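Geometric and topological summary
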Amino acid sequence: MKPNRIVHSLAAVAYLHIAAALAADPPKPPAPAAAEKAVWDKMTQAGTPGDAHKKLEPLVGKFTVQSKSWMDPAKPPEQSTGTSERKWIMGGRYIEEHFNGTYGGQPFTGMGLQGYDNVTKKYFGTWMDSGSTSITMARGLMNGNTIQYQGLMSDPVSGKEVPYNMTTTIMGKDSHKLEMWGRGPGGGEMKWMELVYTRAK
C-alpha cells in the first residue's frame, strides 16, 4: 500500500471513531459561568446599603450651623452661622449636603457627599464650595459615635495639596459636630474649623 493511501486510511478510521463518539455522547450545552455569577454577586453586595450606612441617619435633615474658623491659633476664631440640608440620594447610598452661610464676611455656599464604601470598609466625604476651585476627599473609620477622617486639600498658600484630619461626632439624633485640623503657621498642627449642627425645629 502506498504511503498516501495509508495516511488516508488512518484519517478515515480516526474520523469514524470521532463520529461514533459524537453520536453516542452528543456535546452538552455550556454550563452557567460560575465565575461570572460570583463576580456579579460580589458587585451586588458591594452596591447594597447596609448597617454602616444607617449609622449616618442622624446627619440627614435640615440644620442650623454655628461655625468657628482659625487662621492663627493665637487669635480668636471667626464665627458665623449658616444652614445645611442633607438628604439621601441613589437609594440610600449617599448623603448629599447643601450649605449656605458666610465666610470672611462674604456669602458662602458649599456642597458635599458622604457615604460608606462596602469594599474598603471606610466612610468617606467630599466637599466643594464657592471659596475654591477644588474638591476635597477624606476617608475614615467610625469609633463609637465619631468618624475619624484623613484627607487632602488644595492649599492656596503653599500651592499644593496638604493633609488634614477631620472628625464628625454624632452627639444624638439632633446634633453633631465637625472639626478639622491641619498644618499651622509654625509648622505644627492646629485646629482649623469647628462646626456644630443643630436640627432645625
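The sections below set out a description of the structure shown in this document. (Residues numbered from 1 in each chain as written. Predicted model: local features only at pLDDT ≥ 70, side-chain atom pairs only at ≥ 80, totals over all residues. Heavy atoms only, no water.)

1. Section: the overall build of the protein chain
Along the protein chain, the regular secondary structure elements total three helices and 10 strands. Helices (α) and strands (β) of the protein chain occur, in sequence order from the N terminus, as α-α-α-β-β-β-β-β-β-β-β-β-β. A burial count over the protein chain gives 29% of its 201 residues as buried. Within the protein chain, contacts between residues at least 6 apart in sequence are counted, and of these 35% link residues at least 24 apart. In the structure as shown, the protein chain presents an accessible area of about 13,600 Å², 60% of it carried by carbon and sulfur atoms. (Helix = DSSP H or I, 4+ residues; strand = E, 2+ residues; numbered from the N terminus. Buried < 20%, exposed > 50% of the residue type's maximum accessible area, 1.4 Å probe, protein only. Contact = heavy atoms within 4.5 Å. Areas by Shrake-Rupley, 256 points an atom, 1.4 Å probe, with all protein chains shown as cover.)

2. Focus on the sheet that holds strand β1 (residues 61-69)
Reading around the circumference, β1-β2-β3-β4-β5-β6-β7-β8-β9-β10 is the order of the 10 strands in this closed barrel, with antiparallel pairing throughout. Sheet twist, expressed as the mean angle between neighbouring strand axes with direction ignored, is 25 degrees. Of the strand pairs in this sheet, β1 and strand β10 (residues 189-199) are connected by seven bridges, and their pairing is antiparallel. Bridge assignment links Ser67 to a residue of β10, and that residue is Leu195. (Pairing = 2+ DSSP bridges. Axes fitted to C-alpha atoms, helices over the stretch in contact; angles between N-to-C directions.)

3. A short note on unusual backbone geometry
Look at Met90: it is not a glycine, yet its phi comes out positive at around 55 degrees. Tracing the chain through its elements places Met90 in the loop between β2 (78-89) and β3 (94-103). Residue Lys121 is not a glycine yet carries a positive backbone phi of 65 degrees. Its place among the elements puts Lys121 in the loop between β4 (106-117) and β5 (122-129).

4. Considering helix α2 (residues 34-46)
If you check α2, its first and last C-alpha atoms are 18 Å apart, about what 13 residues at 1.5 Å a residue would give, namely 18 Å. Burial analysis of α2 places just zero of its 13 residues in the buried class, a small minority of the element. (Expected span 1.5 Å × (residues − 1).)

5. Details of the environment of Glu96
With respect to the helices, strands and loops of the structure, Glu96 is situated in strand β3. Along the chain, Glu96 and Gly112 lie 16 residues apart, while their C-alpha atoms are 5.9 Å from each other. Here Glu96 is in contact with Glu85, Arg86, Lys87, Ile89, Gly112 and Leu113, once residues within four sequence places are set aside. A polar side-chain atom of Glu96 sits 3.4 Å from a polar atom in the side chain of His98. (Polar contact = N/O pair within 3.5 Å; in protein donor to acceptor, adjacent residues only side chain to side chain.)

6. A word on the side chain of Ser80
Its place among the elements puts Ser80 in strand β2. Residue Ser80 is classed as buried on the basis of its relative accessible area of 14%. Looking at Ser80, its side chain comes within polar contact range of the side chain of Ser67, at 2.7 Å. In this structure, Ser80 is in contact with Val65, Gln66, Ser67 and Thr102, ignoring residues within four places of it in sequence.

7. Focus: a nonpolar patch on the surface
Nonpolar side chains collect at one region of the surface, where Val39, Trp40 and Met43 lie side by side and expose about 360 Å² of accessible area between them. Taking the relative accessible area as the measure of exposure, Met43 reaches 52% and is therefore exposed. (Patch = residues over 30% accessible without salt bridge, like charges linked within 9 Å, V, L, I, M, F, W, Y side chains within 5 Å. Salt bridge = Lys/Arg side-chain N within 4 Å of Asp/Glu carboxyl O.)

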